[in-house]
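The chain contents come next:
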Amino acid sequence: MRTIGINTWVWQSPLTDATVEARLEHVAALGFDVVELPLENLGDLTADVVGPALERTGLAPAVVGAMAPGRDLVGADDAAVAATQDYLRGCIDLAAGIGAEAVCGPFYAATGRTWRLTPGERREAYREWRDHLAPVVEHAADRGVRIGIEPLNRYETSLVNTVDQALEGLDGLLGASLGLALDTYHLNIEERSSAGAIRAAGDHLVHVQVCGSDRGAPGGDQTDWDALVGALDEVGHTGPLVIESFTAENASIATAASIWRPLAATQDDLARDGLAFLRELTAAGVSR
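As the structure is a computational prediction, the values presented were derived from the model and not from experiment. Each chain has its residues counted from 1, following the order in which its sequence is written. Since the coordinates come from a predicted model, pLDDT governs what is reported: local features require at least 70, and pairs of side-chain atoms require 80 or more to be given and counted, while whole-chain, interface and lining totals use all residues. No hydrogens and no water enter the side-chain calculation; it runs on all heavy atoms of the structure.

> Any details on the sheet that holds strand S8 (residues 241-243)? Residues and values, ideally.
Pairing in this closed barrel of eight strands is parallel, and the strands run S1-S2-S3-S4-S5-S6-S7-S8 around the ring. Across this sheet, the average inter-strand angle for adjacent strands is 30°, counted without regard to direction. Any two residues having at least one pair of non-hydrogen atoms within 4.5 Å are treated as being in contact. For every element, the axis is a line fit to its C-alpha atoms; helices are fit only across the contacting stretch, and the angle between N-to-C directions ranges from 0 to 180 degrees. Helix and strand definitions follow DSSP, with helices as H or I runs of at least four residues and strands as E runs of at least two, each counted in order from the N terminus. Of the strands in this sheet, strand S2 (34-39), strand S3 (60-65), strand S4 (102-105) and strand S5 (146-149) touch helix H3 (residues 78-98), which is tilted by about 180° from S3. By definition, two strands form a pair when at least two bridges between them are found by DSSP.

> So what's going on with helix H4 (residues 119-143)? Which residues, and what values?
A helix is expected to span 1.5 Å for every residue after the first. Over its 25 residues, H4 extends 35 Å from the first C-alpha to the last, a length consistent with the 36 Å expected when each residue adds 1.5 Å. Along its length, H4 reaches its greatest deviation from straightness, about 35°, at Leu-133, and the proline Pro-135 lies no more than four positions downstream. Remark: exposure states derive from per-residue accessible area (1.4 Å probe, protein chains only) relative to the maximum for the residue type, with buried under 20%, exposed over 50%, and partly exposed in between. All of the buried residues in H4 are Arg-122, Ala-125, Tyr-126, Glu-128, Trp-129, Leu-133, Val-136, Val-137, His-139 and Ala-140. Looking at the buried side of H4, the elements it contacts are H3, S5, helix H5 (163-169) and strand S6 (178-183). Remark: Gly-144 follows H4 within two positions and exhibits a positive phi of approximately 70°. The seven residues ending at a residue and the seven starting there each receive a fitted axis; the angle between those axes is the bend at that residue.

> Quick rundown of the packing of helix H2 (residues 47-57) against H3? Include the residues and the values.
Between H2 and H3, the least distance of the axes is 9 Å, while the angle of their chain directions is 40°. Viewed along their axes, H2 and H3 adopt a mutual orientation that is oblique. Note that H2 runs across H3; the crossing there is right-handed. Residue-level inspection shows Ala-47, Val-50, Gly-51 and Leu-54 of H2 in contact with H3, the latter providing Leu-94, Gly-97 and Ile-98. Residues of the contact of H2 with H3, tallied by class, amount to five nonpolar, two polar and no charged. Comment on the angle field: the value is read as roughly parallel under 35 degrees, roughly antiparallel over 145, roughly perpendicular from 65 to 115, and oblique elsewhere. Working rule for handedness: look at the near helix, and if it is turned counterclockwise from the far one by less than a right angle, call the crossing left-handed; if clockwise, right-handed. Asp, Glu, Lys and Arg are counted as charged, while Ala, Val, Leu, Ile, Met, Phe, Trp, Tyr, Cys and Pro are counted as nonpolar; the rest, among them Gly, fall into the polar class.

Keep in mind these numbers describe shape, not what the thing actually does.
Written out as structure tokens, the structure is:
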């Protein structure tokens, strides 16, 4: 059966060394197998603190990055690009230090940054992206960590919205240390078929985040979950399904993710309901 995880953004932002142990204990007590750790700023989380907390709770780790304003690999000055590369190297170092296999996120431009692109401008932007991402991929290879690039919906970026665009933009750079991370929320908005997008990603699929079509708990929503998990089986992706949702109580993350209302009675309800649905879903897949 697939393992099931959850991102700590469901409850708080940012996660830090001061709060990580209590949060991981809570995640483990709810019954999750995997915890997805957002490193919002370098130094928020350190391997010396996170590693022992993972050991005590028995949770497997995943790491995600946050492309805050000013973090850009495209259409930015040299200083901004260098700072972004340093930030991504820091995410990779944390992952390596705690035994996470991958670091995932929309590692191309600040989330929320949009601009119009002609076909020629897009090709040039993708070339620039590859050039600036390549040293980061080399660092990931050195540390034994894989990067997963996440396409976002049209309201959060104009650069990479679909799997096809990600494959085009990263052509020649994809490989053992670089692939794609897919989020069912963005697939639901941008792809004609979420299952088809997973098939298109194929061997390049590194990591999968899940939530309901309204950004709440998976299950009871418009998503064709059987088709989605079936596509994952077809491409041979056996990694965890990780719930990514957010709390409306945190001003910065709520604004970034456009969470303007509660998505469940409580955040723990969101986590429990999502976990129960995913357990049932993956068990049904095994029985078939």
